[in-house]
Amino acid sequence: MIEFDKLTVPTEGEKIEIEGDKLKIPDFPIIPCIEGDGIGPDIMRAARGVWDSAVEKAYKGKKKIVWFDIYAGDSANAKYGEVLPQDTFKAIEHFIVAIKGPLTTPVAGGYRSLNVTLRQTLNLYACVRPVKYFKGVPSPVKHPEKMDVMIFRENTEDVYAGIEWPQGSEITLELIHYLNKKYNLNIREDSGIGIKPISITGTKRLVRKAIKYALEHGRKSVTLDHKGNIMKYTEGAFRDWGYELAKEEFSDKTVTEAELWDKYEGKVPDGKIVIKDRIADSMFQQILTRTDEYDVIATPNLNGDYLSDACAAQVGGLGMAPGGNIGDFIALFEATHGTAPKYANQDKVNPSSLILSGVMMLEYLGWDKAGNLINDALGKTIMQKRVTYDLHRLMEGATKLKTSEFGTAIIENMG
Ligand code: NAP
């Protein structure tokens, strides 16, 4: 039996197990849950009500999530005197599937991002973000319904690896002097220094996940999004290794965009998906102007961060965008927005991002029936124009609901 410093494992429920290359999901899985900072408690309260009701409605008591509260951020600081205690890593690693609200990250100084630390320590190498339109949600574009992408963003490398040193520090000056002298460079003395590693390992496992997803879900293409014209040996290599992986492991099921025209007159052969690539800046334009030509997207960390928010903006903003950080088995689902501290404890903000992250989690457990109930009921609630402040300010004739009321409206709409 696993033991924790300050946590007590629920007495009911069972642990999710790894069997071969699959997860074995018990009917009453124990799922660790981090409430989060700022608006975290408000949205988590509403979301848990929605998830529990959907599971109850779908499985009539035969399945149920057993929640296990664990701590990070402010709540951990109050309980442990540190923002990310060992208990939290241990619980997620042991119970395999977990969910979290947003956590504060201090800008310029203070501690490192807790989200980044969790992703890197638990080796959650793919940040998976589906971006899809819910009918009725106000959007700044003419055809938001054309957006239906699944973004696989690399989660452990790139400038997010956290390898950087401040301007003027001993190591920075040492590095600058060494590089300038040895390689005849001209880095300014008053620079800060950061390192951007992108590896074959990190790239191939991400692209493998993206291609597998595309094949299993009947998607049409996987686009490698990179800035390889400028950063040739990191981003350019990401593109090359992505194509290489497709050829090595999926040659019978994939065709490159170049081959499509050279060999197949532009018509995709039955049962194959297209592997293509785009340069990151042009991708921002393409996703706006030729939205429906993009399907599954695999991208290094920083591009993925920008691109997923830009895609989310087209379908109603971050309040509606879900996400999950997924490794070989361990998965940590999370709202994609931050802690919005000015709205903390006002029961005001939109809990949809977290609710939909929970839908991703239910699908990861294979509990699609409960996930579908939530998707349908959320869509219905928006069509009834019963929405939180963020959508209300953009909709004509809508009724403004609190976070908790919006959760209740979704539950009512499950029928
Ligand atoms: P933010 O918390 O995402 O909030 C920015 C704005 O987005 C809010 O002021 C609000 O816009 C809107 N918004 C965010 N969540 C919303 C929701 N659920 N419903 C409706 N509107 C929502 O970004 P931030 O202010 O840049 O960051 C605050 C803190 O969160 C920082 O410490 C940051 O590091 C952290 N953060 C954490 C995560 C994470 O845990 N995964 C992600 C991003 C940021 P209006 O003011 O226009 O209403």
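Everything here concerns the structure above.
These lines cover the structure that appears in this document, whether it is placed above or below. Being a predicted model, the structure only gives us computed values, none of them experimental.

### Let's talk about the sheet that holds strand β10 (residues 221-226)
So, step 1. If you walk across this open sheet you meet the 11 strands as β4-β3-β5-β15-β14-β6-β7-β13-β10-β12-β11, and the pairing is mixed. In this open sheet, the two strands that pair with only one neighbour each are β4 (66-70) and β11 (254-256). Taking each pair of neighbouring strands and ignoring which way they run, the sheet shows an average axis angle of 25°.
So, step 2. Of the strands in this sheet, β3 (30-34), β4 and β5 (97-100) are in contact with helix α1 (residues 40-59), which crosses β4 at around 160°.
So, step 3. Set on the sheet, helix α4 (residues 114-121) makes contact with β5, β7 (148-154), β14 (322-326) and β15 (331-335); between it and β15 the angle comes to about 160°.

### Structural notes on the pattern of salt bridges
So, step 1. Applying the stated criterion across every chain, the model contains 21 salt bridges.
So, step 2. A salt bridge links aspartate 42 to arginine 45, with the shortest nitrogen-to-oxygen separation between them at 3.4 Å. With a gap of 3 residues between them, aspartate 42 and arginine 45 both fall in helix α1, about one helical turn apart.
So, step 3. Of the charged contacts in the structure, one is a salt bridge between aspartate 281 and lysine 227, with a shortest N-O distance of 3.2 Å. Of the two residues, aspartate 281 sits in helix α9 (residues 280-289) while lysine 227 sits in the loop between β10 and α7 (232-250), which places them 54 residues apart along the sequence.
So, step 4. Accessibility expressed as a relative area gives 44% for aspartate 281, which makes it partly exposed.

### Some remarks on the environment of glutamine 286
So, step 1. Take glutamine 286: it is sitting in helix α9.
So, step 2. Glutamine 286 sits in the buried class, given a relative accessible area of 13%.
So, step 3. Here the alpha-carbon distance between glutamine 286 and serine 353, two residues 67 residues apart in the chain, equals 25 Å.
So, step 4. Discounting chain neighbours no more than four positions away, the residues touching glutamine 286 are Arg278, Thr291 and Tyr294.

### Quick notes on the side chain of glutamate 235
So, step 1. Looking at where glutamate 235 falls in the secondary structure, it is placed in helix α7.
So, step 2. Polar contacts involving the side chain of glutamate 235 include one to the side chain of lysine 196, which spans 2.7 Å.
So, step 3. Within the structure, glutamate 235 has its side chain in polar contact with the backbone nitrogen of lysine 227 (distance 2.7 Å).
So, step 4. Discounting residues that sit within four places of it in the chain, glutamate 235 has contacts with Asp158, Lys196, Ile198, His226, Lys227, Gly228, Pro300 and Asn303.

### A look at helix α6 (residues 200-216)
The periodicity of an α-helix, 3.6 residues per turn, causes residues three or four positions apart to be oriented the same way.
So, step 1. Taking 1.5 Å of rise per residue, 17 residues should cover 24 Å, and α6 covers 24 Å from first to last C-alpha, within 8% of that figure.
So, step 2. Of the residues one or two after α6, glycine 218 is the one with positive phi, at around 60°.

### A look at a nonpolar patch on the surface
So, step 1. Judged by side-chain polarity, Tyr178, Tyr183 and Leu185 come together as a nonpolar surface patch covering roughly 330 Å² of accessible area.
So, step 2. For tyrosine 183, a relative accessible area of 47% gives the class partly exposed.

### Considerations on the packing of α1 against helix α11 (residues 352-364)
So, step 1. In the contact formed by α1 and α11, the axes pass within 9 Å of each other and the chain directions differ by 40°. With respect to α11, the axis of α1 lies oblique. The element α1 and its partner α11 pack so that their crossing is right-handed. Every residue of α11 that contacts α1 at Ile43, Met44, Ala47, Val50, Trp51 and Val55 is listed here: Leu354, Ile355, Gly358, Val359 and Leu362.
So, step 2. Broken down by class, the residue content of the contact of α1 with α11 amounts to 10 nonpolar, 1 polar and no charged.

Calculation notes
Sequence order sets the numbering: in each chain, residues are counted from 1 along the sequence as written. Residues qualify for local features only when their pLDDT is at least 70, as the model is predicted, and side-chain atom pairs are given and counted only at 80 or more; totals for whole chains, interfaces and linings, by contrast, use all residues. Working from all heavy atoms in the structure, the side-chain values ignore hydrogens and water. When DSSP finds at least two bridges between two strands, those strands are taken to pair. The helix and strand labels rest on DSSP assignments: H or I over at least four residues marks a helix, E over at least two residues marks a strand, and numbering proceeds from the N terminus. For helices, the fitted axis covers only the stretch in contact; all axes are lines through C-alpha atoms, and the angles between them, taken along N-to-C directions, range from 0 to 180 degrees. The contact criterion used throughout is that any non-hydrogen atoms of two residues lie within 4.5 Å. For salt bridges, the criterion is a side-chain nitrogen of Lys or Arg within 4 Å of an Asp or Glu carboxyl oxygen. A simple rule labels every residue: compare its accessible area, found with a 1.4 Å probe on the protein chains alone, to the largest value its type can have, and call it buried under 20%, exposed over 50%, or partly exposed in between. Under the rule applied, a polar contact is a pair of N or O atoms within 3.5 Å (in protein, one hydrogen donor and one hydrogen acceptor; residues adjacent in sequence only if both atoms are side-chain atoms). Each helix should span, by expectation, one fewer than its residue count multiplied by 1.5 Å. A patch consists of residues exposed above 30% relative accessible area that lack any salt bridge, with like charges linked at up to 9 Å and nonpolar side chains (Val, Leu, Ile, Met, Phe, Trp, Tyr) linked at up to 5 Å. We get accessible surface area from the Shrake-Rupley algorithm with a probe of 1.4 Å; when it comes to residues, only the shown protein chains can shield them. Here roughly perpendicular refers to angles of 65 to 115 degrees, roughly parallel to angles under 35, roughly antiparallel to angles over 145, and oblique to all remaining angles. Note: crossing handedness is left-handed where the near helix turns anticlockwise from the far helix by less than a right angle, and right-handed where it turns clockwise. Ten residue types, Ala, Val, Leu, Ile, Met, Phe, Trp, Tyr, Cys and Pro, are classed as nonpolar, four, Asp, Glu, Lys and Arg, as charged, and the remainder, Gly among them, as polar.

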